[in-house]
Amino acid sequence: MSEKKVRTRFAPSPTGYMHVGNLRTALYAYLCAKSQDGVFVLRIEDTDQERYVEGAVDIIYNTLRETGLVWDEGPDIGGGYGPYIQSQRMGLFKQYAEQLVREGKAYYCFCDKDRLEEMRLVQKASGQAPHYDGHCRSLSAEEIKAKLDAGTPYVIRQKMPREGVTSFEDLVYGHIEVENATLDDQILLKTDGMPTYNFANVVDDHLMGITHVIRGSEYLSSTPKYNLLYEAFGWELPVYIHCPPVMKDAQNKLSKRNGDASYQDLVAKGYLTEAVLNYILLLGWSPKGEEEIFSLPEMIKAFDPAGISKSPAIFDPEKLRYINGAYLRAMTPEGFLEKALPYIDSVVNRDCDKLFLARLLQKRTEVLSDIPEQIDFIDALPDYELELYTSKKMKTTPDTAREALPHIVQCLEDIAPEDWNEEVIHARLFAKIESLGVKNGWLLWPLRVALSGKQFTPGGGVELAALLGREESLARLKKGMEKLQG
Ligand code: GLU
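In this text, all values refer to a predicted model and were calculated from it rather than measured experimentally.

The rules we used
- Residues numbered from 1 in each chain as written.
- Predicted model: local features only at pLDDT ≥ 70, side-chain atom pairs only at ≥ 80, totals over all residues.
- Heavy atoms only, no water.
- Near = heavy atom within 4 Å.
- Polar contact = N/O pair within 3.5 Å; in protein donor to acceptor, adjacent residues only side chain to side chain.
- Areas by Shrake-Rupley, 256 points an atom, 1.4 Å probe, with all protein chains shown as cover.
- 1 Å grid on protein atoms, 1.4 Å probe; cavity = no way out; pocket = protein on both sides within 12 Å on 5 of 7 lines; lining within 4 Å.
- Sits in = over half its atoms within 2 Å of the grid points.
- Pairing = 2+ DSSP bridges.
- Helix = DSSP H or I, 4+ residues; strand = E, 2+ residues; numbered from the N terminus.
- Axes fitted to C-alpha atoms, helices over the stretch in contact; angles between N-to-C directions.
- Points joined across faces, edges and corners; volume = space filled by probe spheres on them.
- Salt bridge = Lys/Arg side-chain N within 4 Å of Asp/Glu carboxyl O.
- Buried < 20%, exposed > 50% of the residue type's maximum accessible area, 1.4 Å probe, protein only.
- Parallel < 35°, antiparallel > 145°, perpendicular 65-115°, else oblique.
- Left-handed = near helix turned anticlockwise from the far one by under 90°.
- Contact = heavy atoms within 4.5 Å.
- Nonpolar A, V, L, I, M, F, W, Y, C, P; charged D, E, K, R; others polar.
- Disulfide = S-S within 2.5 Å.
- Core = buried A, V, L, I, M, F, W, Y, C linked by side-chain atoms within 4.5 Å.

### So, the site of the ligand
Within the structure, the ligand sits among Arg9, Ala11, Pro12, Ser13, Glu45, Tyr197, Asn201, Arg215 and Tyr219. A distance of 2.8 Å separates a nitrogen atom of the ligand from a polar side-chain atom of Ser13. The separation between a nitrogen atom of the ligand and a polar side-chain atom of Tyr197 is 3.1 Å. Within the complex, the protein chains bury 85% of what would otherwise be the 300 Å² of accessible surface of the ligand. A molecule is said to occupy a pocket when more than half its atoms come within 2 Å of that pocket's grid points, and by this definition the ligand occupies the largest pocket.

Dropping the structure here:
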């Protein structure tokens, strides 16, 4: 038996940002297709005009392109199952709804607004959940004909079974079932002849040959209704993979408002696209082995939807930082500099070797936006407390620094301007340490503090001296001596 080609789709509604949860759905749908040599389809579900946000379609395209989740069929490139924009498919659905009417699986409903309103009030008063009462389910053929001939407006409703249960197996959530009696006779086609979202979604998935439906768990409870439609048409059900919600903490969903929920926010905060994608992969999915760092091709190889967990995924900023740091360190220094340069240039105007600086930063930067505060001492020495000269670990104090700085100045003044580089500075200072018979920290800690006005810097005193240059370094050291005298 030949296996059917896997076809998955990402079906976003263009309602604004690319939420982390949406991007994860796109990633899993992409991986599910690509790991099985399948086809990844992009369909824009833009029929809810009230929620439509101008520019949101471009955000979807750009995010998918930037992250490398390239679609095989979609609005811009077409494919054999188009159009791929739902609003352009509106003419398609009426015939399917009418087919179900002919087969007795759906019916015309002529109830007007007033009647529906009254029905709701009665239901509310008697404590019932609002639902259609089935008034038009059993109209006679003559009644229907008369109303149609008279041009009475109608919707088409699905005839839900009144008894029994509808169940299905979700790949993540397992066995799901609902009592049919709880299912409303949902509207398939509205008065204006347009499909409802639920109806369009199902018909589109079928017409586009979608074999695996991957989406957020908020659709889990609607899925039995969707399945009853598949059944009514006699269509083959897709495999369902519902993904757990992404939470800020145990109680709260990640929300757009707290500013870290969208892909764009994270990139703006200095996270790398590849790291964000890697982190999102792990939001609810566990690899089989220990390895957590995956490039996109590696993800394709490793992905198995069985690894998706149904417990809510908690967005862990620390983990994201850690993964981002791993990506930053794996870059070439030149590549790192390219990414870091805007952050460096935002605080550094001094003429210095930026590639050298980038090498220092690369070792201890987890997020690019951490860079400015690490190097805010380069342009001008900040005012600092003498207490910074105290280090328990190095066994230094302002007193030891007062003794050490003149040795440093003397040693560095001996270096000719043309010899001023990391290697020479290192060699001279270590020779000094040796001749004085002191611990490294006795000399190097005060050097760092005097050059930066900080205890923690990218690189140590030797590197900072090389970076700042001879003149500036000596000026800062002398300033330190003055401070310590004062
Ligand atoms: N358009 C829906 C959304 O953006 C997706 C529904 C689905 O994937 O079936 O939430």
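### Describing the sheet that holds strand 7 (residues 187-189)
Strand order in the open sheet formed by three strands is 3-4-7, with antiparallel pairing between adjacent strands. Here the strands that pair on one side only, and so sit at the sheet edges, are strand 3 (106-109) and strand 7. The sheet shows a mean angle of 40° between the axes of neighbouring strands, taken without regard to direction. Two elements, strand 3 and strand 4 (residues 155-158), share four bridges in a ladder whose sense is antiparallel. Note that in strand 4 the partner of Ala106 across the bridge is Gln158.

### Observations regarding the layout of surface pockets
As a volume, the largest pocket reaches approximately 750 Å³. Lining the largest pocket are 35 residues, and of these Gly21, Asn22, Thr25, Glu218 and Tyr219 sit closest to its centre. Elements with a minimum of two residues in the lining of the largest pocket: strand 1 (7-10), helix 1 (20-34), helix 6 (197-207) and strand 8 (212-216). Among the elements that take part in the lining of the largest pocket, helix 1 stands out by supplying four residues, more than any other.

### Observations regarding the pattern of salt bridges
Scanning all chains against the criterion turns up 25 salt bridges. Among the salt bridges present, the one from Asp204 reaches Arg89, with a minimum N-O distance of 2.7 Å. Taken together, the residues Asp204 in helix 6 and Arg89 in the loop between helix 2 (56-67) and helix 3 (94-102) connect sequence positions 115 residues apart. The exposure class of Arg89 is buried, given its relative accessible area of 2%.

### Here's the deal with the packing of helix 9 (residues 273-281) against helix 11 (residues 317-329)
Contact pair helix 9 / helix 11: the axes reach a minimum separation of 9 Å and the direction vectors enclose 135°. Considering the angle they form, helix 9 stands oblique to helix 11. Our pair here, helix 9 against helix 11, has a crossing hand that is right-handed. Here Glu274, Ala275, Val276, Asn278 and Tyr279 of helix 9 come into contact with helix 11, specifically with Lys319, Leu320, Ile323, Asn324 and Tyr327. A per-class count over the contact of helix 9 with helix 11 returns six nonpolar, two polar and two charged.

### Regarding the side chain of Asn180
Residue position: Asn180 is located in the loop between strand 6 (174-179) and strand 7. Here the side chain of Asn180 touches Glu163 through a polar contact of 2.8 Å, landing on its backbone oxygen. Asn180 has contacts with Pro161, Arg162, Glu163, Gly164, Val165, Thr166 and Leu228, leaving out every residue within four places of it along the chain.

### Some remarks on the pairing of strand 5 (residues 165-170)
The two faces of strand 5 differ: Thr166, Phe168 and Asp170 on one face are buried, but Val165, Ser167 and Glu169 on the other face are not. Pairing analysis gives six bridges linking strand 5 to strand 6, with the strands arranged antiparallel. Following the sheet pairing, Phe168 is matched in strand 6 by Ile176. Hairpin connection of strand 5 to strand 6: three residues between the antiparallel strands.

### Description of the state of the cysteines
Covalent bonding between the sulfur atoms of two cysteines is what defines a disulfide. With the rule as written, the count across this model stands at zero disulfides. The closest cysteine sulfur to the non-disulfide-bonded Cys109 is located on Cys111, 3.9 Å from its own sulfur. The buried category is assigned to Cys109, whose relative accessible area is 2%.

### A few points about helix 18 (residues 461-468)
In terms of burial, helix 18 is a largely internal element, eight of the eight residues being buried. Gly469, located one to two residues past helix 18, shows a positive phi value of around 90°.

### Things to note about the nonpolar core
Counting 146 residues, the largest nonpolar core has Leu27, Leu69, Leu281, Leu412 and Leu429 as its most contacted members. Among the elements that make up this core, the one with the highest residue count is helix 1 (10 residues).

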